[in-house]
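Coordinates in review
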Amino acid sequence: LILLSLFLVLFPHFTSALFRQDHIIINDRRQYILLEKFGFLPGGKLTITVNECKYEDSGTWKNMTKDPVFGFYFIVKKTDDHQEIKQMQIPCQTAKVDTVNFKQLDDCPKTISVSIGQRQDLGFGSPGLYFVYFANCQKESSVSLKMHLNFNNQETNNLSAGDIPLPMIYTLLSIIYFGIIIYWIFGFIRKPRDPSVIHRVNTIHYLMTIFIIVKFLTLVCSASEYYNLQLYGRPRGWNVAYYIFSFLKGVMLFTVILLIGTGWSFLKPFLSDKDKKVFMVVVPLQLLANIALIVVDESTPSSISFVTWYELFQLIDIICCGAILIPIIWSIKHLKEASETDGKAALNMNKLRLFRQFYLTVVAYVYFTRIVIMLLSRTVRFDLLWICVILTEFAALLLFTTTGYSFRPTADNPYFKLSHDDDGNEGIQMKEMKSEEEP
């Protein structure tokens, strides 16, 4: 019910924003407004069509003219390390509105076109990552605009240079995950025909299966979305399907990691009060983080709330990444104490070693995808940004495969090996474990 309610609330928002190049700015007092960034290759073209343009002068709204100065300012870079670029204040401060990278807006409707040539000097008109700004040189005045930005690379490709390989990348990843699903279900989940083979599938294994299927569907939707963006300049509804499965994937990823970390369905068939408190914090935060991600993806950089939602998503994501490690630490502590007190030290040490490996794997995944990838995306060349996507997806693939193998439901898994007296004492151990974890 919660997911359905969120979908109904957000559906009008992200279905009305299918054309990301449409910009509507209403009563905005910012001097410089980032409209979009796009990587152009030789032969690319940018077309800006302005339908309405007004500014406020002494409480009266007027159509834009040559005086005061309004227009579009272009910054060309090779990497996406754009923070605060002081030179973009040049047009207004020095009144040099005749510079080649400034196109004045003096009437509406008006169309401004920029063609990308073969130059390699990072000058205006050369291939590179373009930051398109609207400049308001009338201080203390508000502007209202309705415009459409059309980006093309080599006429038939509407993707940014760094996104061009993504349809093929997501398609190949979908095929890989489909193979993993088949292997996981028929190799581990399906009950073997041979009655002598021990079948140890727990509830958590079914949740892991559902998660990997949702991940596969997310990749299929990503491939279809980028394919349609490439050909038609719009996702044609695939973004809606992507947001649904991405929302489920984001929530299930942290939920499954939390459940494995607590030892639920492995060490114990219950969640302690401490575990429940962690879930009550992480799951709602993940819901909010996924909502923020949808808003960021469907908003344009010109939106005033864009930066706020983006920073909110990053903050919540960091909090959740730290919170999911807490139950793993608790389980490691419990197994360490158990290995020193009971008579099954070797068995508990194997489980302790497995949980430590799981902890290190999760920490490495979080560090790599949240820090290393972010730094790499700011240093890699604009037309090679797809490398960051590949590295992120393969880091996720490595996390899922190692976790699935470590906790596979087979008799040869040391995690599920029981001593001869475990069956008779299992109920007593569960009660003791629950009483130890409760405050």
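All of the points below concern the structure found in this document. Quick caveat, the model's predicted, so the values are computed rather than measured. (Residues numbered from 1 in each chain as written. Predicted model: local features only at pLDDT ≥ 70, side-chain atom pairs only at ≥ 80, totals over all residues. Heavy atoms only, no water.)

**Examining the overall build of the protein**
The criterion, for reference: Think of it this way: any DSSP run of H or I at least four residues long counts as a helix, any run of E at least two long counts as a strand, and we number them from the N terminus. With a 1.4 Å probe rolled over the protein chains alone, any residue whose accessible area is under 20% of its type maximum counts as buried; one over 50% counts as exposed, and the rest are partly exposed. Should any heavy atoms of two residues lie within 4.5 Å, those residues are counted as being in contact. All accessible areas in this document rest on Shrake-Rupley with a 1.4 Å probe, and a residue is counted as covered only by the protein chains that are shown.
For the protein, the count of helices and strands is 11 helices and nine strands. Sorting the 439 residues of the protein into buried and exposed places 47% on the buried side. Of all intrachain contacts in the protein linking residues separated by at least 6 positions in sequence, the fraction that spans at least 24 positions is 79%. A total of about 22,300 Å² of accessible surface is found on the protein, and carbon and sulfur atoms cover 61% of it.

**Points about the sheet that holds strand β5 (residues 70–77)**
Here is the rule: For two strands to be treated as a pair, DSSP must find no fewer than two bridges joining them. Every axis in this analysis is a line fitted to C-alpha atoms, fitted for helices over the stretch in contact. Angles between the N-to-C directions lie between 0 and 180 degrees.
Here four strands make up an open sheet; going across it, the order is β2-β8-β5-β6 and the pairing antiparallel. With one partner strand each, in any of the chains shown, β2 (32–40) and β6 (102–104) form the two edges of the open sheet. Adjacent strand axes in the sheet meet at a mean angle of 20° when their direction is disregarded.

**With respect to the pattern of salt bridges**
Definition in use: For this document, the term salt bridge refers to a Lys or Arg side-chain nitrogen within 4 Å of an Asp or Glu carboxyl oxygen.
Scanning all chains against the criterion turns up seven salt bridges. Here D28 makes a salt bridge to R30, at a shortest N to O gap of 2.7 Å. Looking at R30, the relative accessible area reads 28%, which means it is partly exposed. Between D80 and K37 there is a salt bridge; the shortest N-O distance is 2.8 Å.

**Details of the state of the cysteines**
The following threshold applies: Disulfides are defined as pairs of cysteine sulfur atoms found within 2.5 Å of each other.
Counted under the stated rule, the structure contains one disulfide. Paired by a disulfide, C53 and C108 hold their sulfur atoms 1.6 Å apart. Across the S-S bond of C53 and C108 the torsion is about 135°, and the bridge reads as right-handed. Of this pair, C53 sits in strand β3 (residues 45–57) while C108 sits in the loop between β6 and β7 (110–115), and the two are 55 residues apart along the sequence. Assessed through its relative accessible area of 2%, C53 is described here as buried. Among the cysteines around C321, which has no disulfide bond, C320 carries the closest sulfur, lying 7.0 Å off. Judged by relative accessible area, C321 falls into the buried class, the value being 4%.

**Regarding the nonpolar core**
Here is the rule: By nonpolar core we mean a set of buried residues, namely Ala, Val, Leu, Ile, Met, Phe, Trp, Tyr and Cys, connected to one another through side-chain atoms within 4.5 Å.
By size, the foremost hydrophobic cluster in this structure holds 54 residues, and its most contacted members are Y177, V282, I324, V362 and F400. The element contributing the most residues to this core is helix α3 (residues 166–189), with nine residues. Core analysis: the second largest hydrophobic core is formed by 28 residues, C53, V76, V132 and L149 among them.

**Observations concerning unusual backbone geometry**
The residue after C108, namely P109, is reached through a cis peptide bond having omega -5°. As for its placement among the helices and strands, P109 is situated in the loop between β6 and β7. Phi is positive for N27, which is not a glycine, with a value near 50°. Residue placement: N27 occurs in strand β1 (residues 22–28). For R236, which is not a glycine, the phi torsion comes out positive at approximately 55°. Within the secondary structure, R236 is located in the loop between α4 (203–232) and α5 (238–262). By relative accessible area, R236 is classed as partly exposed at 44%.

**Describing the side chain of Q230**
Summarising the element assignment, Q230 is placed in helix α4. Residues within four places of Q230 in sequence aside, it is in contact with T156, N157, N158, L159, I164 and P167.

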